[in-house]
Amino acid sequence: MRARELGRKSVVVGDRVSLVGDTSGAEGALARIVRIAERRSVLRRTADDDETTAEGRLERVVVANADQLVIVSALADPPPRTGFIDRCLVAAYDADVEPLLCLTKADLAGPEEVLGYYTELELPYVLNRPDSDLGALRALLSGRVSVLVGHSGVGKSTLVNRLVPDAARAVGVVSAIGRGRHTSTSAVALRLPPVPGVDTDPGWIIDTPGIRSFGLAHVSADSLLHGFPDLVEGTVDCPPNCQHTADEADCGLDAWVAAGKADPRRLASYRRLLASRAGEGDSRGDSDQRGPGEGDRRGPDE
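Remember, it's a predicted structure, so these values are computed and weren't measured experimentally.

Caption draft 1: Geometry of helix α5 (residues 156-163). Within α5, 6 of the 8 residues are buried, which leaves the element mostly enclosed by the surrounding structure. Those residues of α5 that fall on the buried side of the exposure criterion are K156, S157, L159, V160, N161 and L163. Tucked inside the fold, the buried residues of α5 contact β5 (68-74), β6 (98-104), α4 (135-141), β8 (145-149), β9 (188-191) and β10 (204-207).

And the structure:
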């Protein structure tokens, strides 16, 4: 339980706290949280991109003190949504958390188109099949606090159960129209089991519920660009106070992309986020943007 002197200060998964009382963990033991240590990183999201709306003003702390954001995306059933991945990357860079792309269901489709979309970022990634060895992923999780995020149905809970066999996270199915069903209902921190013969800290994973949207109202327009590091250098030739929107006739990003130095789809995604922040777009549709091979189809929020 939380001590009264903490007032309305929230405690979230990942917080490091000081306790008093019975910390034995025995049944019926009671301890109080009396202090919350300063957070070294805070991963946030909002329900909307526009900070002038009620949903945009309501920040949700996803997790505290994470070292790594593992973005779990299926390669098929449901198809990858690069708009959602782009949003997660923006949130990760803004929180100073390292991103890792985990592509599941690699037995159903290849990763070439998704990886090609992010080729300029040198984004670290792992591929996962139902029967694949998890050694490469375990090595990237070792000694770190990693938070897993992803749409429902991408196989996140299945992956968690393979990493932590005692987790018993509920596993759902994907409906006939390609939408995942929410199975995890709350964020939970899980200690990874030690690797036999390895003495290093195995690390922690924090599993989060399948989320419908990843609003970025808490991220400034300037910080938003840092989620697209492949575009940053292209703004050097922009005029003063350039907003980098499609309406800016002299925006250097258009010439940067025309010269083949960045994928035009990345610029389009960045500008969709800018428009959504200004209340001109649907943040839910943007987060549902399909993979590169799927075209720019917009669908209902999942």
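On we go from here.
Caption draft 2: The arrangement of the sheet that holds β10 in detail. One open sheet accounts for 6 strands, arranged β7-β6-β5-β8-β10-β9; its pairing is mixed. In this open sheet, the two strands that pair with only one neighbour each are β7 (125-127) and β9. The average angle at which neighbouring strand axes cross in this sheet is 25 degrees, direction not considered. Where helix α2 (residues 82-94) meets the sheet, its contacts fall on β5, β6 and β8, and the angle it forms with β5 comes to roughly 175 degrees. Lying over the sheet, α5 contacts β5, β6, β8, β9 and β10, oriented at roughly 155 degrees with respect to β10.

Caption draft 3: Representation of a nonpolar patch on the surface within the structure. A surface patch of nonpolar side chains, about 200 Å² in accessible area, is lined by V11, V17 and L19. Mapped onto the elements, L19 comes out in strand β1 (residues 17-21).

Caption draft 4: How the structure looks around helix α9 (residues 264-277). The first and last C-alpha atoms of α9 sit 20 Å apart over 14 residues, in line with the 20 Å expected at 1.5 Å per residue. In terms of residue burial, α9 counts as a mostly covered element, since 10 of its 14 residues are buried. Regarding α9, the residues found buried are R266, L267, S269, Y270, R271, R272, L273, L274, S276 and R277. Backbone geometry just downstream of α9 places G279 in the positive-phi region, at approximately 80 degrees.

Caption draft 5: Quick look at unusual backbone geometry. For the bond from D77 to P78, the omega torsion is 0 degrees, close enough to zero to count as cis. Within the secondary structure, P78 sits in the loop between β5 and α2. In this model, D96 sits at a positive phi of 60 degrees, which is unusual for a non-glycine residue. Inspection of the secondary structure puts D96 in the loop between α2 and β6. One non-glycine residue, E122, lies in positive phi territory at about 55 degrees. Tracing the backbone shows E122 in the loop between α3 (112-117) and β7.

Caption draft 6: Expanded view of the packing of α2 against α9. Axis separation between α2 and α9 bottoms out at 11 Å; the angle between their running directions is 70 degrees. Overall, the two elements α2 and α9 adopt an arrangement that is roughly perpendicular. Of α9, the residues touching α2 (which contributes D86, R87 and V90) are R266, S269, L273 and S276. In terms of residue class, the contact of α2 with α9 is made up of 2 nonpolar, 2 polar and 3 charged.

Caption draft 7: Spatial organisation of the nonpolar core. Ranked by internal contacts, the top residues of the largest apolar core, which has 46 residues, are L43, L69, Y118, V147, L216, L231 and Y270. In terms of residue count, the dominant contributor to this core is α2 (7 residues). Among all residues touching Y270, those that are not within four sequence positions of it are A221, L224, L225, F228, L231, H244 and L253. Membership of the second largest hydrophobic core comes to 19 residues, among which are V126, L141, L148 and L190.

Caption draft 8: Main features of empty space enclosed by the protein. Taken as a whole and judged by the stated rule, the model has 1 cavity of 30 Å³ or more. Considered as a void within the structure, the largest cavity measures approximately 60 Å³ in volume. Lining the largest cavity are V72, S73, A74, P78, P79, R81, F84, I85, H151 and V154. Those elements that place two or more of their residues in the lining of the largest cavity are β5 and α2. For the lining of the largest cavity, the element with the highest residue contribution is β5, accounting for 3 residues. Of the residues assigned to the lining of the largest cavity, the class counts are 7 nonpolar, 2 polar and 1 charged.

Calculation rules
Residues numbered from 1 in each chain as written. Predicted model: local features only at pLDDT ≥ 70, side-chain atom pairs only at ≥ 80, totals over all residues. Heavy atoms only, no water. Buried < 20%, exposed > 50% of the residue type's maximum accessible area, 1.4 Å probe, protein only. Helix = DSSP H or I, 4+ residues; strand = E, 2+ residues; numbered from the N terminus. Contact = heavy atoms within 4.5 Å. Pairing = 2+ DSSP bridges. Axes fitted to C-alpha atoms, helices over the stretch in contact; angles between N-to-C directions. Patch = residues over 30% accessible without salt bridge, like charges linked within 9 Å, V, L, I, M, F, W, Y side chains within 5 Å. Areas by Shrake-Rupley, 256 points an atom, 1.4 Å probe, with all protein chains shown as cover. Salt bridge = Lys/Arg side-chain N within 4 Å of Asp/Glu carboxyl O. Expected span 1.5 Å × (residues − 1). Parallel < 35°, antiparallel > 145°, perpendicular 65-115°, else oblique. Nonpolar A, V, L, I, M, F, W, Y, C, P; charged D, E, K, R; others polar. Core = buried A, V, L, I, M, F, W, Y, C linked by side-chain atoms within 4.5 Å. 1 Å grid on protein atoms, 1.4 Å probe; cavity = no way out; pocket = protein on both sides within 12 Å on 5 of 7 lines; lining within 4 Å. Points joined across faces, edges and corners; volume = space filled by probe spheres on them.

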